[in-house]
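# Coordinates in review
Take a look at the letters that make up each chain.
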Amino acid sequence: MNKKILPRIIIDLILFLSVLNGWWFVALPLGLIGAYMYAHFVEIIIAGIIYDSLFGYIPGMGNRAYIGTIVAVVIYGTLSGLKKVVRK
């Protein structure tokens, strides 16, 4: 197995398990690390969608029901721009 693939799979598994258990305090730093280490770490957006599907889609909450997805997209966009500046 490729040396770059194995850490990404491990990060993905831990991220997935922490989202399933509702451990956002583990998923958020792990998503930040993954988004910084890998070029297109869209797994953080998928984790936000899964988190909202499990814990957030409650009728009458409005935009607060999608907070996991919104935060994931903001993190992904911010770190994508930040990586371009830092890695010049």
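About the cut-offs
- Residues numbered from 1 in each chain as written.
- Predicted model: local features only at pLDDT ≥ 70, side-chain atom pairs only at ≥ 80, totals over all residues.
- Heavy atoms only, no water.
- Phe/Tyr/Trp six-rings, centres within 6.5 Å; stacked < 30°, edge-to-face > 60°.
- Buried < 20%, exposed > 50% of the residue type's maximum accessible area, 1.4 Å probe, protein only.
- Helix = DSSP H or I, 4+ residues; strand = E, 2+ residues; numbered from the N terminus.
- Contact = heavy atoms within 4.5 Å.
- Expected span 1.5 Å × (residues − 1).
- Arc of directions from axis to C-beta.

A separate point is the packing of aromatic side chains. Counting across every chain of the model gives three aromatic pairs. An angle of 20° between the planes, with centres 6.2 Å apart, marks the rings of Y38 and F41 as stacked. Pair check on accessibility: Y38 and F41 agree, each one buried.

Moving on to the environment of V19. Following the sequence through the fold, V19 ends up in helix α1 (residues 5-20). The spacing of V19 and I50 is 31 residues in sequence and 7.3 Å in space, taken between C-alpha atoms. Setting aside anything within four residues of it in sequence, one finds V19 in contact with A27, A47, I50, Y51, L54 and F55.

Next up on the list: α1. An ideal rise of 1.5 Å per residue puts 22 Å on 16 residues; α1 measures up with 22 Å between its terminal C-alpha atoms. For α1, every residue scored as buried is listed here: I11, L15, S18 and V19. All buried residues of α1 project into a common sector of 100° when viewed along the axis, lining one side. Against the buried residues of α1 lie α2 (24-37) and α3 (43-55).

Here α2 contains 14 residues, and its C-alpha end-to-end distance of 20 Å stays within 8% of the 20 Å for a straight helix at 1.5 Å per residue. Residues of α2 that are buried: A27, L30, G31, G34 and A35. Seen along its axis, α2 keeps its buried residues to an arc of 135°; they face one direction. In the core, the buried residues of α2 are packed alongside α1, α3 and α4 (67-86).

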